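Secondary and tertiary structure notes
This is what each chain is made of:
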Amino acid sequence: MRSPAKYPLKFSEQTMSNYTVHPTAIVDDGAQIGEGTRVWHWVHVCGGAKIGERCSLGQNVFVGNRVVIGNNVPLAYAEFGKISKLIGDDAVDDGRVRKGLAKKTQLVDAAMRLISRSGVASVTQRAVAAEAGLPPSAVTYHFDSVDGLLIAALVSVNDRYVAALRSLPDDPDTALKQLAEYISASTMEYREDVLAEYEVYLMAARRPDLRHELGRWINAIDEFAARFATRPVDRLAFVSTVDGLFFRTVTAEQPISPEDALAVLQRVALYDRGHG
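Scanning the protein chain from N- to C-terminus turns up 10 helices and 12 strands. Burial status across the protein chain gives 51% buried among its 276 residues. Taking the contacts inside the protein chain whose residues are at least 6 apart along the sequence as the reference set, 49% of them involve residues at least 24 apart. Put simply, the protein chain shows about 13100 Å² of open surface, and 53% of that area lies on carbon and sulfur atoms.

Right, let's get into the sheet that holds strand β8 (residues 50-51). On the basis of which strands lie adjacent, the open sheet formed by 3 strands has the order β5-β8-β11 and parallel pairing. Of all strands in the sheet, those bounded by a partner on one side alone are β5 (32-33) and β11 (68-69). Here 2 bridges tie β8 to β11, and the two strands are oriented parallel to one another. Within β11, the position partnered with Ile51 by the bridge is Ile69.

Taking 1.5 Å as the rise per residue, helix α5 (residues 146-166) with 21 residues should run 30 Å; its terminal C-alpha atoms sit 30 Å apart, in good agreement. Most of α5 is tucked away, with 16 of its 21 residues classed as buried.

Before going further, it helps to spend a moment on the packing of helix α9 (residues 232-251) against helix α10 (residues 258-268). Packing of α9 against α10 brings their axes to within 9 Å, and their N-to-C directions diverge by 160°. On the basis of their axis angle, the class for α9 and α10 is roughly antiparallel. In the packing of α9 onto α10, the handedness of the crossing is right-handed. Contacts between α9 and α10 involve Ala237, Phe238, Thr241, Val242 and Leu245 from the former and Ala261, Val264, Leu265 and Val268 from the latter.

This brings us to the packing of aromatic side chains. Following the criterion strictly, the structure yields 6 aromatic pairs and no others. Measuring from ring centre to ring centre gives 5.6 Å for Tyr198 and Phe247, while their planes differ by 75°; the resulting arrangement is edge-to-face. You can see Tyr198 sitting in helix α7 (residues 191-205) and its partner Phe247 sitting in helix α9, a full 49 residues away along the chain. Judged by relative accessible area, Phe247 falls into the partly exposed class, the value being 46%. Considering the side-chain rings of Trp217 and Phe246, the 6.5 Å spacing of their centres and the 80° angle between planes classify their relative orientation as edge-to-face. Taken as a pair, Trp217 in helix α8 (residues 211-225) and Phe246 in helix α9 lie far apart in primary sequence, 29 residues in all. For Phe246, a relative accessible area of 5% corresponds to the buried category.

Moving on, we come to the nonpolar core. With 60 residues, the main nonpolar core has Val128, Leu149, Phe224 and Phe238 as its most contacted residues. No other element matches the 10 residues that α5 contributes to this core. Other than its neighbours up to four places away in sequence, Phe238 contacts Leu176, Phe224, Ala225, Phe228, Leu265, Val268 and Ala269.

Attention now goes to the confidence of the model for the protein chain. Interpretation of this model should avoid reading the predicted coordinates in detail wherever pLDDT is low. With 79% of its residues at a pLDDT of 70 or more, the protein chain has an overall mean of 78. Below pLDDT 50 for its whole length, residues 1-15 participates in 47 contacts with residues either more than four positions away or in separate chains.

Among the structural elements, Asp29 can be located in the loop between β4 (26-28) and β5. Measuring from C-alpha to C-alpha, the distance between Asp29 and Val45 comes to 9.2 Å, with 16 residues separating the pair along the chain.

This part covers helix α3 (residues 125-132). Buried within α3 are the following residues: Val128, Ala129 and Ala132. The buried residues of α3 all sit within an arc of 100° when viewed along its axis, so they share a single face. Away from the buried face of α3 by more than 90 degrees, exposed residues Arg126 and Ala130 are located.

About the cut-offs
Residues numbered from 1 in each chain as written. Predicted model: local features only at pLDDT ≥ 70, side-chain atom pairs only at ≥ 80, totals over all residues. Heavy atoms only, no water. Helix = DSSP H or I, 4+ residues; strand = E, 2+ residues; numbered from the N terminus. Buried < 20%, exposed > 50% of the residue type's maximum accessible area, 1.4 Å probe, protein only. Contact = heavy atoms within 4.5 Å. Areas by Shrake-Rupley, 256 points an atom, 1.4 Å probe, with all protein chains shown as cover. Pairing = 2+ DSSP bridges. Expected span 1.5 Å × (residues − 1). Axes fitted to C-alpha atoms, helices over the stretch in contact; angles between N-to-C directions. Parallel < 35°, antiparallel > 145°, perpendicular 65-115°, else oblique. Left-handed = near helix turned anticlockwise from the far one by under 90°. Phe/Tyr/Trp six-rings, centres within 6.5 Å; stacked < 30°, edge-to-face > 60°. Core = buried A, V, L, I, M, F, W, Y, C linked by side-chain atoms within 4.5 Å. pLDDT = per-residue confidence, 0-100. Arc of directions from axis to C-beta.

In structure tokens, the structure reads:
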């Protein structure tokens, strides 16, 4: 049995016996999680996993059975696809792998913080290293270049959003409700993160070699919209509304409540009105 299984309208963390779990995360029975560890939203920890103390499992990280993660390991803004393969059912307790993933995650996190504050142009080898508390050589050790780091940041953002969309349940009412909660959380709790994410999306929009990453998001949101409207014009209205709500999270002074986000989504979701 998975816990916690409910998705309240307002995001609030749940403190277990000695660790903290976001209400959108899934922790299967039998998982061992150390004291002080924080399990963030859309994470799934399988039952046989063992996670040490004071870890941070970032958005959309999947931790498979028989995985062992040591103490003080941050997996935030993880490269979801790559980490899913390394931290999967056949993973081993390899300290070098853990440290390498942790350092790459530190650098991506640092780059995103810089982007949030000062834009993509602020991301230099020295600036990222200083922000991460690592030597400048760490950037080129873990990434081919600063551009490679920026691309990794873009991929990690895209992985997270695409996985979040595809993890929404089949029931349309519940799916809309959870999407509204996600949008609202982007306004209230993660506004600075979303601001940085828009910066890397705009970077990709200017570069033909990165258009495929934008295409991944467009395809994922189109696929989700098809559940609510069959006519192309209706799907476009739905997709444009979702994009507009996310953009509003970083441009409006007032946050968007889950209730308001849900009401707006319901206006353009035609599945229960006989359209299409």
